[in-house]
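Geometric and topological summary
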Amino acid sequence: MKMLECKVMRKMLALVLIISAGGFCADTQPPPKEISEYKIDSAGTFTASKPDISISNLESLLKPLRKTQLEKEAEGWMEILQNNVQQISAAEISDAPPEEISKLHEQRTDIIDRLLRVLEELEQKGGDIEEYKKYISAVSKANVDVSDVNGTSKCLLTG
């Protein structure tokens, strides 16, 4: 039964890739590079090594996934988010240039946007997303010590 599910998932992914490529004429136009770089393994999880997938493409790839597959996907995006937050912390501790910190904050926002799409799909399919939402809320808050003029100005400049 599991092998049949894998075959069905592969066929569904192939159909999504063909449609995303501009129609059913797959031999005339390869799938967009962005989509072809994302693979779904037999368990239904993405190799989320490139968190810059467009939101519309991510939504299309999430649609056929079941609750357990979406839970694994959410965990993958949470790991990406956690790594980004660790980079932000390290940059702030080491007094990195404001531009670098700002770029990391922008990446965090993009990661959260994609994670929220995964969570929306997971919730629609019966998943519990409360813990994920709490983590996102906790790492999204800016901590500003207004008595530290340099730190406050850096925080304001980097968003």
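What comes next concerns the included structure.

A word on the overall build of the protein. Looking only at helices and strands, the protein features seven helices and zero strands. Ordering the α and β elements of the protein from the N terminus gives α-α-α-α-α-α-α. Looking at the protein as a whole, 33% of its 159 residues are labelled buried. Restricting the contact set of the protein to residue pairs at least 6 apart, pairs at least 24 apart contribute 59%. With an accessible surface of roughly 10100 Å², the protein has 55% of that area assigned to carbon and sulfur atoms.

Turning next to the pattern of salt bridges. Applying the stated criterion across every chain, the model contains four salt bridges. For K63, the salt bridge goes to E121, with nearest N and O atoms at 3.5 Å. With K63 in the loop between α3 (55-62) and α4 (67-93) and E121 in helix α5 (residues 98-124), this pair connects stretches of sequence that are 58 residues apart. With a relative accessible area of 9%, E121 lands in the buried category. Salt-bridge contacts for E121 lead to K125; the nearest nitrogen and oxygen are separated by 2.9 Å. Here the residues in one salt-bridge network are E59, R117 and E120, joined through shared partners.

What follows covers the packing of α4 against helix α6 (residues 130-140). It is the contact of α4 with α6, at a shortest axis distance of 12 Å, that shows an interaxial angle of 15°. By the angle between their axes, α4 is roughly parallel relative to α6. For the pair α4 and α6, the crossing hand works out as left-handed. Packed against α4, whose contacting residues are E71, A74, E75, M78, L81, Q82 and V85, the element α6 presents Y132, Y135, I136 and V139 at the interface.

Moving on: the packing of α4 against α5. Taken N-terminus to C-terminus, the directions of α4 and α5 make an angle of 165°; their axes are 9 Å apart at the nearest point. Put simply, α4 runs roughly antiparallel to α5. The chirality of how α4 crosses α5 is left-handed. When the residues that make up the contact of α4 with α5 are grouped by side-chain class, the tally is 17 nonpolar, four polar and eight charged.

What counts, and where the lines are drawn
Each residue is numbered by its place in its chain's sequence as written, counting from 1. The model is predicted, so local features are restricted to residues of pLDDT at least 70 and side-chain atom pairs to those at 80 or more, both for listing and for counting; the totals for chains, interfaces and linings are taken over all residues. Side-chain numbers come from the whole structure's heavy atoms, not from hydrogens or water. Here a strand is any run of E in DSSP of at least two residues, a helix any run of H or I of at least four, and the numbering for each starts at the N terminus. Throughout, exposure labels follow a simple rule: accessible area from a 1.4 Å probe, protein chains only, divided by the maximum for the residue type, with under 20% read as buried, over 50% as exposed, and the rest as partly exposed. Should any heavy atoms of two residues lie within 4.5 Å, those residues are considered in contact. Note on areas: Shrake-Rupley, 1.4 Å probe, and residue coverage restricted to the protein chains presented here. We define a salt bridge as a contact between a side-chain nitrogen of Lys or Arg and a carboxyl oxygen of Asp or Glu at a distance within 4 Å. To get an axis, fit a line to the C-alpha atoms, keeping to the stretch in contact for a helix; angles then go from 0 to 180 degrees between the N-to-C directions. Working rule for angles: under 35 degrees goes down as roughly parallel, over 145 as roughly antiparallel, 65 to 115 as roughly perpendicular, anything else as oblique. By the definition used in this description, the sense in which the near helix is turned from the far one sets the handedness, with an anticlockwise turn below a right angle giving left-handed and a clockwise turn giving right-handed. All residues other than Ala, Val, Leu, Ile, Met, Phe, Trp, Tyr, Cys, Pro, Asp, Glu, Lys and Arg, Gly among them, are scored as polar; the first ten of these are nonpolar and the last four charged.

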